[in-house]
Amino acid sequence: AKEAGRNTFQFYAAEMNQRLLARLNLERDLRQAVERNEFLLHYQPQINLTNGAIIGVEALVRWRQPEQGIIPPDEFIPLAEETGLIVQLGKWVLREACRQARAWHDAGLPKIGISVNLSARQFREPGLKQTILDMLAETGLEARFLEMEITESMVMFDPEGAIAVLDELQQQGITFAMDDFGTGYSSLNYLKRFPIHKLKIDQSFVRNITTDSNDAAITNAVIELAHGLKLKVIAEGVETEEQRSFLRAHQCDEMQGYLFSRPVPAEDIVNLLIANNQL
Ligand code: C2E
Ligand code: CA
Ligand code: CA
Ligand code: CA
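Here the structure is a predicted model, which is why all the values come from computation and not from measurement.

Draft legend 1. Region of the structure containing the confidence of the model for the protein chain. In this model, the protein chain carries an average pLDDT of 94, and 98% of its residues clear a pLDDT of 70 or more. Listed scores for the predicted complex are pTM 0.94 and ipTM 0.98.

Here you go:
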C-alpha cells in the first residue's frame, strides 16, 4: 500500500511538472510574442436589428504562433492577465483597432464604431485614461467612434473608483458597453450609476432563447432593463434566423454573431461594408 501511494504521488508530481512546464513555456512564448508583435485583430460586425445596417465591429485579438498557427484568445488572455503582459498587448490592440477604424473612415466607407475589450488588469492601470487619449490622438480617430467593453466583475471590485474612471473617459466622448451581461455579479443600484451606453446580452442566454423559456425570460428582462435605464442593448452569439426574429420582436437594438458574420480580417470588413451599403 505504501508503495502504491508513492507511485500515485510520483504520478501526480510528474503530471504537475508537465503542466507547470507547459505553462512556463507558454509564458515564455507569450512574452516573446509581445516583443515580436505576433498578434493580429479580427473584426466582427454589429448589426442594427431594425434596418440591418452594420453599425460597428468588435476587435478580437488572435496570436499568430509561428509553429502552431492561429491561437484563440481564450488560450492566452488569462495568462497575459496574470503575468501583466496584457497591459502591453492591450495597448497594441487599442492602437491597431483605432488605426484600422480611422483607415476605414478615411477610405470613405460608412463611419462605423469600433469596440475594444478591456481587461481587468488594464482597467486598474493608473495610466489608462492617458493611454486611450494618446491612441486617439495618434490615430486621429474621433473619440465617439471608440467603445470600450468592460465586465461586471471589473467594475464591481471598486464601483466608486470605476465610476470615476468611466466618467472621465466618457466626458472625452468614449462610450462603454457592459460585456457578458448577466453572467457576473452586478448591483442594479450601481448599474444606474455607471456611465455606460450599452448592455451586451451574453451568448449563454441567447443560445437557447427559442427553446428555453427561462433564457427567453432573462433575455426579455435584460432588454427591458436596458431600455428602462435608457441604454442600448446588443445580443451576442446570434447564430440562427429564429434567434434574430425573436430578438427583433422583443425590441433588442443590435445583434452580433455567426448568423451575420464570424470575426474576419480587416479586408473582409471592407467588402461587408460595401455590400451592406448597397442593400
Ligand atoms: P467576448 O468579448 O465575449 O467575445 C465574443 C466571443 O464570442 C468571440 O470569441 C467571438 O468570436 C465569439 N462569437 C461571436 N459570435 C459568435 C456566435 O455566433 N457563436 C459563438 N459560439 N461564438 C461567437 P473569441 O474571439 O475567441 O474571444 C474570446 C474572448 O477573448 C472574448 O470574449 C474576450 O473576453 C477575450 N478577448 C478577445 N480579444 C481580446 C482583447 O483584445 N483584449 C482582451 N482583454 N480580451 C480579448
Ligand atoms: Ca467583448
Ligand atoms: Ca461577450
Ligand atoms: Ca465571453
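Having seen the structure, we can now continue with the description.
Draft legend 2. Representation of the coordination of the calcium ion (ligand 3) within the structure. Asp179 (OD), Asp180 (OD), Glu236 (OE) and Glu236 (OE) make up the full set of protein donors to the calcium ion (ligand 3), lying at 2.2 to 2.6 Å. Spacing between the donor residues of the calcium ion (ligand 3) along their common chain follows D-D-x55-E. Separating the calcium ion (ligand 3) from the calcium ion (ligand 2) is a gap of 3.9 Å, bridged by aspartate 179, which donates to each. Separated by 56 residues along the polypeptide, aspartate 180 in strand S6 (residues 175-181) and glutamate 236 in strand S8 (residues 232-236) bring together distant segments of the chain.

Draft legend 3. Region of interest: the packing of helix H5 (residues 128-139) against helix H7 (residues 159-171). For the pair H5 and H7, the least separation of the axes is 10 Å and the interaxial angle reads 20 degrees. The pairing of H5 with H7 is recorded here as roughly parallel in orientation. Note that H5 runs across H7; the crossing there is right-handed. Contact with H5, carried on its side by Leu128, Lys129 and Ile132, involves Val165, Glu168 and Leu169 of H7 and no other residues of that element. For the contact of H5 with H7, the class distribution of residues is 4 nonpolar, no polar and 2 charged.

Cut-offs and rules
- Residues numbered from 1 in each chain as written.
- Chains lettered and ligands numbered in written order.
- Predicted model: local features only at pLDDT ≥ 70, side-chain atom pairs only at ≥ 80, totals over all residues.
- Heavy atoms only, no water.
- pLDDT = per-residue confidence, 0-100.
- Donors = N, O, S within 2.8 Å, 3.2 Å for Na, K, Ca; no water.
- Helix = DSSP H or I, 4+ residues; strand = E, 2+ residues; numbered from the N terminus.
- Axes fitted to C-alpha atoms, helices over the stretch in contact; angles between N-to-C directions.
- Parallel < 35°, antiparallel > 145°, perpendicular 65-115°, else oblique.
- Left-handed = near helix turned anticlockwise from the far one by under 90°.
- Contact = heavy atoms within 4.5 Å.
- Nonpolar A, V, L, I, M, F, W, Y, C, P; charged D, E, K, R; others polar.

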